[in-house]
Amino acid sequence: MTTDDCIIIGGGPAGLTAAIYLARYHLRVRLFDSGSSRAAMIPCTRNHAGYPEGVAGKDLLALMLQQAEKYGVHRQPVRVDKLARDDDGFVIETAQGGFRARAVLLATGVVNHRPAHLLPEVHDPALERGLLRYCPVCDGYEVTDKKVGVIGTGEHGAREALFLRSFTRDVTLIAPEVEHALDPACAAKLDEAGIARVNGPCGNYAIEREQLAFDTARGRMAFDSVYPALGSRIRSHLAIEAGARATDVGCLEVDDHQRTSIPGLFAAGDVVKGLDQISHAMGEAGVAATTIRNMLSEQQPLWR
Ligand SMILES: Cc1cc2nc3c(=O)[nH]c(=O)nc-3n(C[C@H](O)[C@H](O)[C@H](O)COP(=O)(O)OP(=O)(O)OC[C@H]3O[C@@H](n4cnc5c(N)ncnc54)[C@H](O)[C@@H]3O)c2cc1C
């Protein structure tokens, strides 16, 4: 089995940025990607700098992949099933066999929890038309002065609703399952901001007259845009199983150079605690790639 300089797990904005940097450092890089980047869900990002008219997430990923390929990195559409460290570096297991590397970058991202009972045949067109949104930091501007629903409760739901209140006066927080679970301080903040509260359960979703409509305890309601605030699953299990430290919710802990608690294992992008944004993922990946390059060069000179 040959040993690569670095294996990148994940081909979203973080993984692809690292691939471009590492290949341009003349390192031997392998990129595995199971093909479910959150960026591919973005109909058109308008807050990513450099694209005044916005850019579709899939187009941005295609351009980044094209750039990585130009320097010799090929995306292998394969899921990594296991990661382990031994005396010589890392061993990676996939359905296509085992691979070795001196360093590994984990850029596996997160998966947003979707509202229960929201079927793909409604979810996907609603997402495409901006009736359903997952990231107020990214696209709160697009709902300025619109009628907005937030599906969520507790501190997380309240925080998202309050964040959106600076874009529009018309924000309703709807509990996903039954009644709201809000402590008095949270409830007081919502009241102060004029955010309406409605109990669940939510169901029977449909696109009606260019709004996303669904049943609630108060009857059928419809919104120009709906934000689920239901948390996410952090795809950090490979690193955690290998012994890396993570927060309670599973975000990988890294230092200022994107090093995890396992020597030689780095992490960048949404899988790390931080602002879940393309620019942040790219920045972390640039830092990680350069630190990987410097670490490998200390182990063995990288003379041309
Ligand atoms: C609807 C929506 C709109 C958004 N809009 C914006 C926006 O306008 N602006 C903005 O900055 N951000 C936006 N975001 C957030 C942005 O998409 C993410 O911050 C960004 O994609 C994070 O990049 P990443 O590389 O860390 O993870 P991802 O892009 O999620 O990529 C992770 C990759 O790792 C792969 N992977 C996971 N596990 C494995 C494994 N075991 N083996 C191999 N591969 C694996 C996945 O298949 C995936 O391709 C939006 C997100 C959503 C959902």
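One can find the structure itself at the top, above this paragraph.
It should be emphasised that the depicted structure is a prediction, and the values quoted were computed from it without experimental measurement.

A. Seen up close, the overall build of the protein chain. Counting its secondary structure elements, the protein chain contains eight helices and 16 strands. Its C-alpha radius of gyration of 21 Å places the protein chain within 12% of the 19 Å reference for a compact globule of 304 residues. When each of the 304 residues of the protein chain is scored for burial, the buried share is 49%. In the protein chain, of all internal contacts separated by at least 6 residues, the share reaching a separation of at least 24 is 59%. If you sum the accessible surface of the protein chain, you get close to 15100 Å²; carbon and sulfur atoms cover 50% of it. If the 33 positive side-chain charges of the protein chain are averaged to one point and the 38 negative ones to another, these points end up 3 Å apart.

B. Broad picture of the side chain of T168. Its place among the elements puts T168 in the loop between α5 (154–164) and β9 (171–174). The exposure class of T168 is buried, given its relative accessible area of 3%. In terms of polar contacts, T168 uses its side chain to reach the backbone carbonyl oxygen of K146, at 2.6 Å. At 3.1 Å, the side chain of T168 forms a polar contact with the backbone nitrogen of D170. Apart from the residues within four sequence positions on either side, T168 is in contact with V143, D145, K146 and V148.

C. Layout of the nonpolar core. Counting 32 residues, the largest nonpolar core has C6, I8, A18, L22, V73, L105 and I292 as the members making the most contacts within it. Elements that contribute at least two residues to this core include exactly β1 (3–9), α1 (13–24), β2 (29–32), α2 (57–70), β6 (97–106) and α8 (278–299). The greatest single-element share of this core, amounting to eight residues, is contributed by α8. Setting aside anything within four residues of it in sequence, one finds C6 in contact with L22, R28, V29, R30, A101, A103, V104, L105 and I292. One finds L106, A239, A244 and A267 within the second-largest nonpolar core, a separate group that totals 24 residues.

D. View of the pattern of salt bridges. Across all of its chains, the model carries 13 salt bridges by this definition. A salt bridge links R75 to D33; the shortest N-O distance between them is 2.8 Å. On the criterion of sequence distance, the pair formed by R75 in strand β3 (residues 75–76) and D33 in the loop between β2 and α2 is long-range, its members being 42 residues apart. A relative accessible area of 30% places R75 in the partly exposed class. Residue D33 is classed as buried on the basis of its relative accessible area, which comes to 9%. Its salt-bridge partner being R245, residue E253 comes within 3.6 Å of it at the nearest N-O pair. Linked by salt bridges that have partners in common, E208, D215 and R220 make up one network.

Conventions and cut-offs
- Residues numbered from 1 in each chain as written.
- Predicted model: local features only at pLDDT ≥ 70, side-chain atom pairs only at ≥ 80, totals over all residues.
- Heavy atoms only, no water.
- Helix = DSSP H or I, 4+ residues; strand = E, 2+ residues; numbered from the N terminus.
- Rg over C-alpha atoms; globule rule 2.2 N^0.38 Å.
- Buried < 20%, exposed > 50% of the residue type's maximum accessible area, 1.4 Å probe, protein only.
- Contact = heavy atoms within 4.5 Å.
- Areas by Shrake-Rupley, 256 points an atom, 1.4 Å probe, with all protein chains shown as cover.
- Lys, Arg positive; Asp, Glu negative; His and termini not counted.
- Charge placed at Lys NZ, Arg CZ, Asp CG, Glu CD.
- Polar contact = N/O pair within 3.5 Å; in protein donor to acceptor, adjacent residues only side chain to side chain.
- Core = buried A, V, L, I, M, F, W, Y, C linked by side-chain atoms within 4.5 Å.
- Salt bridge = Lys/Arg side-chain N within 4 Å of Asp/Glu carboxyl O.

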